[in-house]
Amino acid sequence: MKALLWQGVNELSVDEVPDPTMRNEQDAIIRVRKTATCGSDLHLLGGYIPFMERGDVLGHEFLGEVVEVGPQVRKHKVGDRVVVCSFVSCGHCWYCQQQQYSLCDNGNTNPAITESIWGFAPGGCYGYSHALGGFAGSHAEYIRVPYADQGAFTVPDEVSDERALFASDAAPTGWMGADLGGVKAGDVVAVWGAGGVGQMAARAAVLLGAERVIIIDRFANRLQMAEKYLGVESLNYQTQDVGGELLERSGGRGPDVCIEAVGMESHSTGPQYLYDQVKQQLRLESDRPIAAREAIYHCRKGGSVFLLGVYANLVDKFPLGALMNKGLTLRGAQQHGHRYIPMLLERMARGELVTEHLATHTMPLDEAPHGYNMFKNKLDGCVRAVFEPAR
Amino acid sequence: MRREPRWHVLTVNPARDELTPDSPLPEPLAGLGDAVDVQIRRAAGDRGVELAVRLRDGAQSPVTEGVRRLAGRDPNQAIRAALREAKQLLETGEVLHPDFPPTTQTTVVNKPLQMATRQGRREGRL
């Protein structure tokens, strides 16, 4: 089959690889219909997560059709149209039963790597390096889905492929940030990053009853998109004073909940960007936590900060003083999508949650390296490139 | 300095009554036979059952242990793998296998990573 392969740092190709095979009785094989780029793929592409091998298949946000099921798969049959959570979770361990699915004890076939780096191993993730299980990604004609009854969700007839695709990762990740960040009626919420996940977090905050939701980015097209499709306010950090605006729009209190949807390759206009770039390139820190620092700084006293952006390991100049003295609650997680996807599909069916606008560029899988170039460099207003392997 | 073998412990969330302190050892732990001491005990806070395993004898020097580990012949590696697999069998009914056939190629750069992933369940902090 054809697949998009990581060939080295910033080097991709579309090549033939062996078809996936059933390895467990709870597996399914899915024919991929749509598969999306995600900002977190860029950390793999750029070599910031050093657990990739030449030939790894990228991609973790996808939708497709079941073509084969194992004997222990009960919920799905051949022909089902399913969207699959990007995380591989067993559904039976203590963490899964607490609905903390991305922390699954059994979903990662290489637990030693992340145990050594982080203390304990989270679950696995498709196309997300050998640290998270080494599972082949979705930028391919077919993909193996372990624990298919847990991770694959039948898409209601009234929800299009274009909309349901983002129930795989961006929508549940964003929803989790607002939910576990504690957004409640009347809150002022600030979201750093107007990519797919940031936009979904902002929309989730609106649907959870926040009174004002402010999304922050540097790309005018993304901010306009958020205003148009999500019903939120925007701030451009290159042309506006973020701190002053947030104070003004929250009555001088600061946002109740700050959601960071940027991750380890943050940008900014100040000298700290140069500082972090130099340290990151010299491998003196693995991640640039600029947006996380800002979220902590601008959050109100006693407020909540949720990290949705992916971080790999170590950061520098982390504002523990602000965190401690302002009494903040800081949380983060990879997505517990299994917990939210059925509810999100219902909201998509009712039209409360629209996502199609995120797919600014749709193309055949053969053009995926070009799609990643557009996505990485934000060319032609690209928010998400989506690939269709059957095209 | 010789180091006494330590307990390798993990918590299993089995179906009710599937694993008690009086249960026979689950596979593949049973295959370790008399080489190990095993404890099965209720976990605090109703979190399931704790499975603890350690080598019965054979305090090792760190040097010996390190050499065996590199060669993939450290018995602690077998204990870790058996514990992880027993947990998966008890919780999910099967051991999750990595994708096959692989799509990757071996290069000089990724050889260390491939060596590490071959030991994926046999190493770590467990």
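All values reported here derive from a predicted model rather than from experimental measurement.

J.: Talk me through the domain arrangement of chain A; I want residue IDs and the actual numbers.
T.: Residues and elements named next belong to chain A. What the domain assignment lists for chain A is domain 1 (2–169 + 335–388) and domain 2 (172–332). Centre-to-centre separation of domain 1 and domain 2, based on C-alpha positions: 25 Å. Across the boundary between the two partners, domain 1 contributes 33 residues, which contact 27 residues of domain 2. Counting the surface lost from both domain 1 and domain 2, the interface buries some 2600 Å², and carbon and sulfur atoms represent 64% of this. Considering only the side of domain 1, the residues that lose the most area to domain 2 are Y48, Y340 and H357, jointly responsible for 25% of the buried surface there. Taken together, the links from domain 1 to domain 2 amount to nine residue pairs in polar contact (both at pLDDT 80 or more). Every element with two or more residues in the side of domain 1 that touches domain 2 is listed here: α1 (41–45), α3 (111–118) and α13 (337–350).

J.: Describe the environment of R331(A), naming the residues involved and giving the relevant values.
T.: Residue and element names in this part refer to chain A. The topology assignment puts R331 in strand β16 (residues 329–332). In this structure, the C-alpha to C-alpha distance between R331 and A28, residues 303 residues apart in sequence, is 33 Å. Residues in contact with R331, not counting those within four places in the same chain, are L180, V305, F306 and L307.

J.: I'd like a rundown of the pattern of salt bridges, residues and numbers included.
T.: Applying the stated criterion to the full structure yields 30 salt bridges over all chains. A salt bridge links E115(A) to R84(B), with the nearest nitrogen and oxygen atoms 2.8 Å apart. Highlighted residues: E115(A) in helix α3 and R84(B) in helix α2 (residues 75–92), drawn from two different chains. Just as E115(A) is buried, R84(B) falls in that class too. A salt bridge links K87(B) to E91(B); its shortest N-O distance comes to 3.1 Å. Note that K87(B) and E91(B) are positioned in helix α2 at a spacing of four residues, about one turn of the helix.

J.: Help me get a handle on the side chain of D27(A), residues and values and all.
T.: Residues and elements named next belong to chain A. Within the secondary structure, D27 sits in the loop between β2 (11–16) and β3 (28–36). Within the local environment of D27, its side chain forms a polar contact with the side chain of R144, the two groups lying 2.7 Å apart. Setting aside residues no more than four positions away along its own chain, D27 makes contact with T21, M22, V69, G70, V73, R144, V145, P146, Y147 and A148.

J.: Explain the sheet that holds strand β4 (residues 56–57) of chain A residue by residue, including any values.
T.: Strand pairing in a sheet relies on backbone hydrogen bonds. The paired strands run either parallel or antiparallel. All names here are of chain A. Read across the sheet, three strands follow the order β2-β1-β4 without closing on themselves; strand pairing throughout is antiparallel. Of all the strands in the sheet, the pair left with one neighbour each is β2 and β4. Note: strand β1 (residues 2–8) against β4, two bridges, orientation antiparallel. Counted as the bridge partner of W6 is D56 from β4. Here helix α14 (residues 368–376) sits on the sheet and contacts β1 and β2; the angle it forms with β2, its principal contact strand, is near 155 degrees.

J.: Can you tell me about the packing of aromatic side chains, naming the residues and giving the values?
T.: If you walk through the whole model with that rule in mind, you get five aromatic pairs over all chains. Ring centres 6.4 Å apart and planes at 80 degrees place the aromatic pair Y372(A) and F375(A) in the edge-to-face group. Taken as a pair, Y372(A) and F375(A) lie in helix α14 at a separation of three residues, close to a single helical turn. When the ring centre of F375(A) is taken as origin, the NZ or CZ atom of K378(A), which lies over that ring, is 6.0 Å away. Positioned above the aromatic ring of F120(A) is the side chain of R125(B), whose terminal nitrogen or guanidinium carbon lies 5.3 Å from the ring centre.

J.: Talk me through the interface of chain A and chain B; I want residue IDs and the actual numbers.
T.: How big an interface is tends to be expressed through the accessible area that disappears when the partners come together. Each partner contributes to the interface: chain A provides 39 residues, whereas chain B provides 31 residues. When the two sides are added together, the surface that chain A and chain B hide from each other amounts to roughly 3100 Å², 51% of it contributed by carbon and sulfur. Of all residues in chain A, the largest losses of buried area upon contact with chain B belong to R23(A), E53(A) and W94(A), amounting jointly to 19% of the total for that side. Seen at the junction of chain A and chain B, the total is three salt bridges. Viewed at the interface, chain B and chain A are joined by 25 residue pairs in polar contact (both at pLDDT 80 or more). Listed by contribution, the elements that provide at least two residues to the side of chain A that touches chain B are β4, α2 (94–97) and α3 of chain A. Here the residues of the side of chain A that touches chain B are counted per class, giving 16 nonpolar, 14 polar and nine charged.

J.: Give a detailed account of the UniProt feature "domain: Alcohol dehydrogenase-like C-terminal" (unreviewed entry) in chain A, specifying residues and quantitative values.
T.: Those places that UniProt annotates as "domain: Alcohol dehydrogenase-like C-terminal" (unreviewed entry) correspond, in this numbering, to residues 196–265 of chain A. Secondary structure content for residues 196–265 of chain A is 44% helix and 20% strand, while the C-alpha to C-alpha distance between its ends is 16 Å.

J.: Report on the nonpolar core, specifying residues and quantitative values.
T.: All names here are of chain A. The biggest cluster of nonpolar side chains holds 99 residues, and the ones touching the most others in it are V189, W192 and Y372. When residues of this core are assigned to domains, at least three map to each of domain 1 (2–169 + 335–388) and domain 2 (172–332). Look past the residues within four positions of Y372 in its chain and what remains in contact with it is L4, L12, T37, D41, L42, L45, L58, H139 and F387. One finds V32, V82, C96 and Y147 within the second-largest nonpolar core, a separate group that totals 22 residues.

J.: Could you give an account of the pairing of strand β18 (residues 384–388) of chain A, with specific residues and numbers?
T.: Every regular strand shows the same layout, with side chains that alternate between the two sheet faces. Residue and element names in this part refer to chain A. The buried fraction of β18 is high, at five of five residues. Every second residue of β18 is oriented toward a common face, with R384, V386 and E388 on one face and A385 and F387 on the other, all of them buried. Where β3 meets β18, two bridges bridge the pair, whose relative direction is antiparallel. In the sheet register, T35 faces β18, and the bridge partner there is F387. By the bridge criterion, five bridges tie strand β17 (residues 359–364) to β18 in an arrangement that is parallel. Residue pairing in the sheet places A359 in a bridge with R384 of β18. Once the chain exits β17 it traverses α14 before rejoining the sheet at β18, and the crossover so formed is right-handed.

Conventions used here
- Residues numbered from 1 in each chain as written.
- Chains lettered and ligands numbered in written order.
- Predicted model: local features only at pLDDT ≥ 70, side-chain atom pairs only at ≥ 80, totals over all residues.
- Heavy atoms only, no water.
- Domains from an automatic or database assignment.
- Contact = heavy atoms within 4.5 Å.
- Buried area = accessible area lost by both parts, 1.4 Å probe.
- Polar contact = N/O pair within 3.5 Å; in protein donor to acceptor, adjacent residues only side chain to side chain.
- Helix = DSSP H or I, 4+ residues; strand = E, 2+ residues; numbered from the N terminus.
- Salt bridge = Lys/Arg side-chain N within 4 Å of Asp/Glu carboxyl O.
- Buried < 20%, exposed > 50% of the residue type's maximum accessible area, 1.4 Å probe, protein only.
- Pairing = 2+ DSSP bridges.
- Axes fitted to C-alpha atoms, helices over the stretch in contact; angles between N-to-C directions.
- Phe/Tyr/Trp six-rings, centres within 6.5 Å; stacked < 30°, edge-to-face > 60°.
- Lys NZ or Arg CZ within 6 Å of the ring centre and 35° of its normal.
- Nonpolar A, V, L, I, M, F, W, Y, C, P; charged D, E, K, R; others polar.
- UniProt positions renumbered as here; feature names shortened; annotations may be inferred.
- Core = buried A, V, L, I, M, F, W, Y, C linked by side-chain atoms within 4.5 Å.
- Right-handed = clockwise from strand over helix to strand, strands pointing away.

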